[in-house]
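Below, each chain spelled out in residue letters.
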Amino acid sequence: MAQYTASFCALVALITLYGAAGFAPARLRASTAIRHVSTFAGSMPLAPAAPAARSSGPSAIQIHQSASSSEASSSSSDMDGSSGGGYTRQGDDPIGTKREAPYPKISDVVSFYDVDGGQADGQALVGKISLIQPILSAPSTSDDGDDNDDGTNKWLVEITELEDVGDGYYAEYPSRKRRNKRALRNLEDVAPVAASFVRTEDAYKVPTDRGTGRPVPLFPQYKLVGYGGPAAVPINEEVVRSDLERYGDLKIRLLRDALLAGLAGALVTDLVRGLDDAIVYFSGALAGVGYLFFLSIKTDTIGSSGGKLGKDVSNFRFVLPAIVLVGIAIRNVALGDASPLGPGGPTNILSTVTKEQFACAMIGFLTYRIPLFIGQLAPVFGDSAGSLLPGSAGMAFQMAQEAKAASEAGTADATESSLFGKDLTPVLLVCGPPSSGTTSLVQKLIEEDDRFVPPKLVDRLKDPATFERLESREEFLTTEDSGRYGLTAEGVLSAASEAEVAAEAAATEAGTEQDEAESAEKQGKVVVVDANVDLAKKLRQLPGARLIGVWVGLDSMEKFESNIKAQIESGDLSIPEGETEESVIRAKVKEIVQNIEYGVVSGMFEFTILNNDMETS
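Here the structure is a predicted model, which means the values were calculated and not measured.

To continue, consider the overall build of the protein chain. Within the protein chain, the regular secondary structure consists of 19 helices and 16 strands. Expressed as a percentage of the 617 residues in the protein chain, the buried residues total 30%. Across the protein chain, every contact between residues at least 6 apart in sequence was considered, and the portion connecting residues at least 24 apart equals 67%. Here the protein chain has roughly 38700 Å² of accessible surface; of this, 56% comes from carbon and sulfur atoms.

What follows is the structure, given as structure tokens:
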């Protein structure tokens, strides 16, 4: 009996030890316990049956069955995945939790369906959320009186459709088509998409199903429960206060300018038509000032509690011209025979206003528009006028404006800010889209004509300290693709002068005598820059440079595509990982079209060259 008791205690201790090992897998604990239970059970001799009253602990067979049930339960838990892949932490807490769908935001890329193409669930489309608004007619409770807390039928989203350009890329439609590509959907009918913007394609990359080509959403739908609408935009009180002050100044300025314009018009009318018509004109001008005043009352009360009252009061501005005409009629009747109508004029008050008086009153009333038009057109004839002038005229105007601004800011002296001063360096800017042959043209100019010199470049290998200093200060206009050479503004402006000094020193050292004309011709150097569109934009803002723009292009898009394919075949143009030759060509063609558009509308290119030598392009 003592032997049986010792064996049973050892068995219980062993099972307890394995049961307390929380770091072991559940299946390992159960199977190991079964193995040890079986070993002990097989080694113990059979004992005589004990009375039921004295049997207080479980038998070995019961323990074996219990362990087997534990193993079966653990296996079932592993199969349905409820234990987090078969492993649990202490306390049986699952290691991972399922990711939750996000709340919607403005500008999210989503997928939705449109009934088209004969498909059962419609055509799968991709778009961007442009507006989220509540459904005002949505019931807050269900038919049985319970709260409708599932989030459905509460929010309406406006989606701007994106254009499918192939290979899983979706781009925005042009502005003219975009307004017709809008759709309204309930929030529960759209699904978020894991889209990423690809700059080279100017489009969003959306994961698609390989079989059907349909976009694959990140979640079946957004999280609806607990959604309270778009996040409120924080209001900067300082900006609001500043805008109110500017708005107050604008109102005073408009009223003052309208009054001054009316007074100036009355003085001109007095000189041309006489005092009577000048009084009528000024009366109309005062009515115009009153029109602006009452219009400002309506503007001040928009969105406030007194909006309706402000609107009613502001409507008085529409009767001001009639009040002026009635006043003129009463004055003519009061004058009697001395009125402009004479002694035989009509006595009806509605017929006592002459055509001249009516014209003076109406012109005076509309005088308030003159300062408005001048204020709106001033930027066009000021800062933006340069962009309206073609070629070198536009460049000259813009350079004059920049020189004037630099002079006023104290950053340039009178000589440097002069438009055609001696310090203005001529720069021949050769620009064009990729694969147009600009590099070949620039190299040929430099090789065949000594007057053209390339800009000075900073070499990373020869002068690493200077290169790193300029790079850290972001003073490079551009760097070579290899990253070895960098171009600075000083390298563009000083290249020609240093080449002239070197040529003069070489001539002096050789001891050759030249006349002044020949010497000036050989020493007059012009720096020529092979630039892409991005570099051309930076050089346009370069002070102290006189740009002579030359645009180089091909006469058809097919030639551009042929050049791109040739570069891909030769290895000069590599295909990034995850891209195809078609997508690379499409991205390059889109870049070329954008560059050509800039070359046409920028106004900085005085000459255009069409390259017909495909072999050297």
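Having seen it, we continue.
Let us now look at the confidence of the model for the protein chain. When pLDDT is averaged across the protein chain, the result is 75; 69% of the residues are at 70 or more. Predicted confidence for residues 10-96 stays below pLDDT 50, and this span has 52 contacts to residues more than four positions away or in other chains. Taken as a whole, residues 411-421 scores under 50 in pLDDT and shows 16 contacts with residues more than four places along the chain or in a different chain.

Glancing now at the sheet that holds strand S11 (residues 457-459). Spatial ordering of the open sheet is given by S11-S13-S12, a layout of 3 strands whose pairing is antiparallel. Pairing within the sheet leaves two strands with one partner each, and these edge strands are S11 and strand S12 (476-479). Between one strand axis and the next, the sheet turns by 30 degrees as a mean value, whatever way the strands run. Relative to strand S13 (residues 485-488), S12 is paired through 3 bridges, and the arrangement is antiparallel.

The subject of this paragraph is the pattern of salt bridges. Across all of its chains, the model carries 24 salt bridges by this definition. The partner of Asp257 in a salt bridge is Arg256, with the nearest N and O atoms 3.4 Å apart. What emerges from the salt-bridge pattern is a single network uniting Asp167, Glu201, Glu582 and Arg586.

We now examine the nonpolar core. One finds Leu429, Val492, Val529 and Leu539 to be the most contacted residues of the largest nonpolar core, which totals 23 residues. For this core, the secondary-structure elements that each account for two or more residues are strand S9 (425-431), helix H15 (489-510), strand S14 (526-531), helix H17 (533-540) and strand S15 (545-553). In terms of residues, this core owes the most to one element, H17, which gives 4 residues. For Leu429, the contacting residues outside a window of four places in its chain are Val529, Ala531, Ala536, Leu539, Leu547, Ile548, Gly549, Val550, Met604 and Phe605. Ranked by size, the runner-up nonpolar core spans 16 residues in total, among them Val280, Leu320, Val324 and Phe365.

In this section: the pairing of S13. Strand direction decides the pairing type here: S11 and S13, joined by 3 bridges, are antiparallel. Bridging across to S13, Leu457 finds its partner in Leu487.

Here helix H8 (residues 320-335) crosses helix H9 (residues 355-365) at 150 degrees, and the two axes come no closer than 11 Å. In the crossing of H8 with H9, the sense of the turn from one axis to the other is right-handed. Residues Pro321, Val324, Leu325, Ile328 and Asn332 of H8 lie in contact with H9, whose contacting residues are Gln357, Phe358, Ala361, Met362 and Phe365. Its residues assigned to classes, the contact of H8 with H9 comprises 8 nonpolar, 2 polar and no charged.

Let's shift gears to the packing of aromatic side chains. Applying the stated criterion to the full structure yields 11 aromatic pairs. Geometrically, the ring pair formed by Phe197 and Tyr204 is edge-to-face, given 5.2 Å between the ring centres and 70 degrees between the ring planes. The buried category is assigned to Tyr204, whose relative accessible area is 16%. An aromatic cluster is present here, built from Tyr291, Phe318, Phe365 and Tyr368 joined pairwise through their rings. Its guanidinium or amino end placed over the ring of Tyr169, Lys205 lies 4.6 Å from that ring's centre, counting from NZ or CZ.

The topology assignment puts Lys128 in strand S2 (residues 123-134). Of note is the side chain of Lys128, whose polar atom sits 3.3 Å from the side chain of Glu172. If near-sequence neighbours (up to four positions away) are discounted, Lys128 is found in contact with Ser107, Asp108, Val109, Glu158, Ile159, Thr160, Leu162, Glu172 and Tyr204.

This next bit is on the packing of helix H6 (residues 275-300) against helix H7 (residues 307-314). Helix-helix packing: each pair is described by the crossing angle between the helix axes and the interaxial distance. Relative to each other, H6 and H7 sit at 165 degrees, their axes nearing to 8 Å. Between H6 and H7, the angle is such that the two are roughly antiparallel. The interaxial crossing formed by H6 with H7 has left-handed handedness. Two secondary-structure elements touch here, H6 through Phe294, Ile297 and Lys298 and H7 through Gly310, Val313 and Ser314. A per-class count over the contact of H6 with H7 returns 3 nonpolar, 2 polar and 1 charged.

This paragraph deals with a nonpolar patch on the surface. Taken together, Phe316, Phe318, Val319 and Ile323 make up a surface patch of nonpolar side chains, about 370 Å² in accessible area. Positionally, Phe316 belongs in the loop between H7 and H8. On the basis of relative accessible area, Phe316 is assigned to the partly exposed category, the value being 39%.

Below, the discussion takes up the sheet that holds S9. The strand order across the open sheet built from 5 strands is S10-S14-S9-S15-S16, with neighbouring strands paired in parallel fashion. Of all strands in the sheet, those with a lone pairing partner are strand S10 (452-453) and strand S16 (605-610), marking the two edges. Bridge analysis of S9 against S15 gives 7 bridges, and the strand direction is parallel. Along S15, the bridge assignment pairs Leu428 with Ile548.

Attention shifts here to unusual backbone geometry. Residues other than glycine seldom take positive phi values, yet Ser107 does so here, at roughly 80 degrees. Mapping Ser107 onto the fold places it in the loop between helix H3 (60-79) and strand S1 (109-114). By relative accessible area, which is 43% here, Ser107 ends up partly exposed.

The subject of this paragraph is the environment of Thr580. Mapped onto the elements, Thr580 comes out in the loop between helix H18 (557-570) and helix H19 (581-601). Classification of Thr580 as partly exposed rests on a relative accessible area of 38%. C-alpha separation for the pair Thr580 and Asp167, spaced 413 residues apart in sequence, amounts to 9.1 Å. Sequence-distant contacts of Thr580, that is, excluding residues within four places in its chain, are made with Asp167 and Ile575.

Quick notes on the rules
- Residues numbered from 1 in each chain as written.
- Predicted model: local features only at pLDDT ≥ 70, side-chain atom pairs only at ≥ 80, totals over all residues.
- Heavy atoms only, no water.
- Helix = DSSP H or I, 4+ residues; strand = E, 2+ residues; numbered from the N terminus.
- Buried < 20%, exposed > 50% of the residue type's maximum accessible area, 1.4 Å probe, protein only.
- Contact = heavy atoms within 4.5 Å.
- Areas by Shrake-Rupley, 256 points an atom, 1.4 Å probe, with all protein chains shown as cover.
- pLDDT = per-residue confidence, 0-100.
- Pairing = 2+ DSSP bridges.
- Axes fitted to C-alpha atoms, helices over the stretch in contact; angles between N-to-C directions.
- Salt bridge = Lys/Arg side-chain N within 4 Å of Asp/Glu carboxyl O.
- Core = buried A, V, L, I, M, F, W, Y, C linked by side-chain atoms within 4.5 Å.
- Left-handed = near helix turned anticlockwise from the far one by under 90°.
- Nonpolar A, V, L, I, M, F, W, Y, C, P; charged D, E, K, R; others polar.
- Phe/Tyr/Trp six-rings, centres within 6.5 Å; stacked < 30°, edge-to-face > 60°.
- Lys NZ or Arg CZ within 6 Å of the ring centre and 35° of its normal.
- Polar contact = N/O pair within 3.5 Å; in protein donor to acceptor, adjacent residues only side chain to side chain.
- Parallel < 35°, antiparallel > 145°, perpendicular 65-115°, else oblique.
- Patch = residues over 30% accessible without salt bridge, like charges linked within 9 Å, V, L, I, M, F, W, Y side chains within 5 Å.

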